[in-house]
Structure formats: structure tokens, C-alpha cells
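Analysis of the macromolecular model
Next come the chains, spelled out residue by residue.
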Amino acid sequence: MKKEMPRLIIIFLVVIGLVFWMWNYLFLSGKTAIKSRATDESILSLSFNPNASTLSTGQEMETTLKIKPTVEGGILVRGYLVSLFFDKTKLQLKNIEYKIGGASPDLGATNSSLSTINGNGVIRLVGEVTTPTGTAVAKDVDTELVKLKFSSVNGQGATIQIGRADAKFYILKAEAVLSDGMSIDGAKIDFNGGGAIITPGITGAPNPTTTGGTSGNVNLNLKLKFQGISGKPADSQNSMAVKVKLKKEGETNPSEATGVFSADTSGVWSGKASFNLSSVSGKYLIYIKGPQHIQKKFCDSAPSENNAGTYSCANANISITVGDNNLDFSKVMVLSGDLDQNGVVDSVDISIVRNNLGKTDTATLTKADVNRDGRVDTQDFSLILAALAVRTDEL
Ligand SMILES: [Ca+2]
Ligand SMILES: [Ca+2]
């Protein structure tokens with residue numbers, strides 16, 4: 001009998017295993033086995049290496065931003081956006097080198113935009129892997145994402161912290177579905193013992209007064225440029241309802257009107273917004289919001305910018321008259337990304353593109369074809385990726 005015991009135990013365990021498997025197979029369709037790999041387990045850790053440094057005035061150092069997924073089998077990276085906010089009075093960026101993919105054209109920070117980066121104290125790393133399969137990153141391995149070289153302005157303390165909300169990764173899942181459902185563990189680097197953590201600020205929105213119509217006593221004939229649209233779209237895509245707000249300096253509530261705009265062969269959109277005003281004295285600000293765009297504030301009659309999306313202004317400097325006012329804003333890019341028009345670019349906007357990739361029907365194009373080429377595609381996806389960096393309407 002003693003000799004029989006191990007055999008009996010093995011038979012018992014095999015029977016228990018079979019019963020469990022059959023139960024699982026018959027009643028739960030094998031779902032329990034898959035559930036243990038749900039997205040809540042999918043964590044991506046960011047880290048700087050090195051993550052601390054002591055620098056004298058003018059001294060440079062290089063650090064590598066690395067990623068490490070904990071997902072079984074690793075991940076396939078298709079795109080990413082990481083924002084770094086630094087104290088420009090303490091640090092300056094000297095060099096960027098993308099190690100996974102490359103900078104998304106016109107969107108990601110590169111060495112040609114160093115002066116803008118150092119002027120704003122913000123690095124928007126927008127990386128894109130252009131192969132259909134993405135770049136494989138192994139589980140539990142620290143893998144180089146981007147190399148950054150900083151110099152110290154004055155040898156003083158500074159800290160760069162990448163929070164959870166500052167990083168998004170787009171990875172390929174089964175059947176080439178894009179997903180951003182990963183939990184991010186942020187990273188931190190200290191210079192000269194560390195300093196204040198810099199974060200972007202958000203302020204409250206004023207309430208507009210709608211006076212809009214097509215026939216007021218003040219017409220704004222505007223020329224506008226929208227991100228991602230470089231030429232004239234097909235006729236079916238060449239019409240855009242644009243919200244225009246006109247705010248007098250010193251007043252709280254702007255007047256609002258909607259104009260219909262269409263593009264010429266160089267991608268400049270023309271249209272008219274009409275207002276009824278009792279007085280045109282003073283100086284004005286004008287706010288522009290396209291149907292898939294982040295609101296842009298204009299303070300000048302003929303503004304321009306060197307890098308797309310970098311024009312920003314504070315003080316009202318536009319004069320208007322009764323009748324027609326011709327204003328050329330086409331040297332400044334109105335950035336895209338707010339597809340559901342709630343004032344913020346977030347995962348909802350991303351999912352509108354992600355869930356419709358490849359579609360060409362009119363209803364979907366109206367929502368998600370940001371570059372107006374007649375298809376919801378990776379270019380629209382890249383535009384939203386970049387928009388995540390800007391995030392909110394200008395107020
Ligand atoms: Ca939105
Ligand atoms: Ca498109």
C-alpha cells in the first residue's frame with residue numbers, strides 16, 4: 001500500500017486538474033487563463049541612467065531615458081510621446097538622439113528645435129516607428145528610448161520629473177490594434193542635488209457670448225492654416241466650420257461666431273465670421289477653434305512663427321473697424337487634436353482615431369480624418385500624438 005501512495009497522489013492531482021480544465025473550458029470559455037494578463041498588469045517603467053549628476057557652470061552630461069515593460073512577452077512600440085519640463089534658468093538641452101524610432105516629422109523635438117526647447121523649458125519627445133511591426137522591447141529589460149545631453153547654466157540644483165500623465169506609449173497588439181492602455185511608472189533625474197519640479201499650468205475658461213451670424217456689422221475675413229493639411233483637400237473634405245471668438249481687451253466675455261472655411265491649393269483656409277458690436281474701440285484678441293483642433297489665441301494682425309505651433313501671445317493688439325477686416329493668420333499653425341471638442345486632448349481623442357484606422361466613410365472622416373486626405377490613417381494618429389503635448393485650448 002505504501003508503494004501505491006505516490007501513484008495515487010499523482011492520479012488524484014491529474015483528475016483535479018482535468019476537472020478544473022473542463023470546468024474552465026465548458027463554462028468560462030477559457031477566459032480565466034487570459035484574464036491574468038489584462039491591461040492592469042501592463043506597466044511600463046521609465047528611468048534615467050544616470051539619474052543624478054553634479055555639474056559645474058557650463059559642464060555637460062549625457063543621460064539615457066530607458067523603458068522597461070513588465071508585460072509577458074514584451075511589447076511592440078509603434079509610437080510614443082514623452083514631455084519633459086525643465087528649469088531653463090538652470091539647465092539647457094544640448095543634444096537629442098532617438099534610440100527607438102525617429103522624431104515624428106515636424107512634431108517631435110529635434111536638434112534643429114533646440115532654441116525653442118531651451119526658450120520654453122519643454123522637450124516634447126514624439127517618436128514614431130515607421131515599420132508596420134513596430135520595435136520589439138523585451139520584458140524586464142531596460143531598453144534605451146532617447147539620449148539627452150544637458151548643460152548646467154550656473155551649477156545650481158534642478159530636477160526633471162516625468163509624471164504618469166507626461167508619457168504615452170502606443171503599442172501594437174494582436175491584429176495590429178494600437179493600444180495606449182499601459183500604466184506608466186515615471187522617472188526623475190536630479191542635477192546638483194535637485195530643485196523644484198516644473199509642471200505646466202492650466203487656467204480657467206471665460207464664458208463666450210454668442211452674437212454670431214453671417215451678417216453682422218463687423219466682418220472678420222480670415223486666412224488660417226491648420227496642422228497636417230498642406231494642400232487643397234478633395235471637395236468633400238474642403239469645408240470646415242470654425243468657431244471664432246472676439247474679445248475686447250479688459251472685458252471678460254468674448255463674442256462668438258462660426259464661419260465656414262475652405263482651402264486653396266496651398267492649404268490656406270479662407271472664410272468669414274460676422275459679429276454685431278455696439279462699439280469697435282479698443283484692442284482685441286481673436287480665438288480660433290477648428291472642428292478637430294485646439295483653440296488658438298491671436299493677439300496680432302499679421303502674426304508669424306518659425307516653428308509650427310510655437311506662436312503664443314499675451315496682450316491684445318488687434319484693431320478692428322465696422323465692415324470688413326482682413327486678417328492673415330496663415331503664418332501660424334492652428335494645432336489639431338481635440339476631436340470631441342471638449343477643450344482637452346486626451347485618450348478619448350486618441351481612441352477616436354485608433355478605433356477607426358483605415359476607414360474612409362463620410363461619418364468617420366468627419367470625426368477623425370485630421371489631415372483631410374480621405375482616410376483615417378497613421379498620419380492622423382501622429383497628429384493626435386503630438387497634440388497630447390499641447391493638451392488644452394489656449395485661453
Ligand atoms: Ca478632446
Ligand atoms: Ca487622414
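Our subject is the structure that appears above.
Report follows, based on the coordinates. What you are looking at is a predicted structure, and each value in this text was computed from that prediction instead of being measured.

Observations concerning the sheet that holds strand S1 (residues 43-49)
Each strand in a sheet pairs with another by means of backbone hydrogen bonds, the pair being arranged parallel or else antiparallel. Strand order in the open sheet formed by five strands is S5-S9-S3-S1-S13, and the pairing between neighbours is mixed. Both outer strands of the open sheet, strand S5 (91-98) and strand S13 (183-185), are each paired with one neighbouring strand and no more. Direction aside, the axes of adjacent strands within the sheet are offset by 20° on average. The pairing of S5 with strand S9 (residues 143-152) spans seven bridges and is classified as antiparallel. Bridge pairing links Ile96 to Leu148 in S9.

Some points on the pattern of salt bridges
Summed over the entire model, instances satisfying the criterion amount to 10 salt bridges. Its salt-bridge partner being Lys289, residue Asp393 comes within 2.9 Å of it at the nearest N-O pair. Taken together, the residues Asp393 in the segment after helix H6 (378-390) and Lys289 in strand S20 (residues 284-289) connect sequence positions 104 residues apart. Taken as a pair, Asp393 and Lys289 share a single burial class, namely buried. Several salt bridges share partner residues, and in doing so they unite Glu72, Lys139 and Asp140 into one network.

Here we look at the sheet that holds strand S10 (residues 158-162)
Taken in spatial order, the three strands line up as S2-S14-S10 in an open sheet, and their pairing is mixed. Of all strands in the sheet, those bounded by a partner on one side alone are strand S2 (52-53) and S10. Where S10 lies against strand S14 (residues 187-191), five bridges are found, and the strand directions are antiparallel. Counterpart to Ile160 in the pairing with S14 is Ile189.

A look at the coordination of the calcium ion (ligand 2)
Coordination of the calcium ion (ligand 2) by the protein is provided by Asp369 (OD), Asn371 (OD1), Asp373 (OD), Arg375 (O), Asp377 (OD), Asp380 (OD) and Asp380 (OD), with metal-donor distances spanning 2.2 to 3.0 Å. The sequence motif formed by the donor residues of the calcium ion (ligand 2) is D-x1-N-x1-D-x1-R-x1-D-x2-D. Residue classification places Asn371 among the buried residues on the basis of a relative accessible area of 11%. Owing to a relative accessible area of 44%, Asp373 belongs among the partly exposed residues under this scheme.

Examining the coordination of the calcium ion (ligand 1)
Around the calcium ion (ligand 1), the protein supplies Asp338 (OD), Asp340 (OD), Asn342 (OD1), Val344 (O), Asp349 (OD) and Asp349 (OD) as donor atoms, at distances of 2.2 to 2.7 Å. Viewed at the metal, the six donor atoms of the calcium ion (ligand 1) are separated by angles of 51 to 161°, and the geometry they form is irregular. Sequence positions of the residues that donate to the calcium ion (ligand 1) give the spacing D-x1-D-x1-N-x1-V-x4-D. Residue Asp349 is classed as buried on the basis of its relative accessible area, which comes to 0%.

Side note on the nonpolar core
Of all hydrophobic cores here, the largest spans 41 residues; its most connected members are Val82, Ile96, Ile123, Leu125 and Phe169. A total of five residues in this core trace back to one element, the largest contributor, which is strand S4 (residues 75-85). Residues Leu222, Phe226, Tyr287 and Ile320 belong to the second largest nonpolar core, which totals 33 residues.

Focus on unusual backbone geometry
Residue Pro50 is reached from Asn49 by a cis peptide bond, and omega for that bond is -5°. Position of Pro50 relative to the elements: it lies in the loop between S1 and S2. Even without a glycine there, the phi angle at Asp140 is positive, about 60°. Within the secondary structure layout, Asp140 lies in the loop between strand S8 (135-137) and S9. The phi torsion at Gln341 lies on the positive side, around 60°, for a residue other than glycine.

Focus: the environment of Asp349
Note that Asp349 resides in helix H4 (residues 347-354). Residues Asp349 and Leu339, 10 residues apart in the sequence, show an inter-C-alpha distance of 5.4 Å. A distance of 3.0 Å separates the side chain of Asp349 from the backbone nitrogen of Leu339, its partner in a polar contact. A polar contact of 2.9 Å, which involves the side chain of Asp349, links it to the backbone nitrogen of Asp346.

Rules and cut-offs
Residues numbered from 1 in each chain as written. Chains lettered and ligands numbered in written order. Predicted model: local features only at pLDDT ≥ 70, side-chain atom pairs only at ≥ 80, totals over all residues. Heavy atoms only, no water. Pairing = 2+ DSSP bridges. Helix = DSSP H or I, 4+ residues; strand = E, 2+ residues; numbered from the N terminus. Axes fitted to C-alpha atoms, helices over the stretch in contact; angles between N-to-C directions. Salt bridge = Lys/Arg side-chain N within 4 Å of Asp/Glu carboxyl O. Buried < 20%, exposed > 50% of the residue type's maximum accessible area, 1.4 Å probe, protein only. Donors = N, O, S within 2.8 Å, 3.2 Å for Na, K, Ca; no water. Tetrahedral: all angles 85-135°; square planar, octahedral: opposite > 155°, others 65-115°. Core = buried A, V, L, I, M, F, W, Y, C linked by side-chain atoms within 4.5 Å. Polar contact = N/O pair within 3.5 Å; in protein donor to acceptor, adjacent residues only side chain to side chain.

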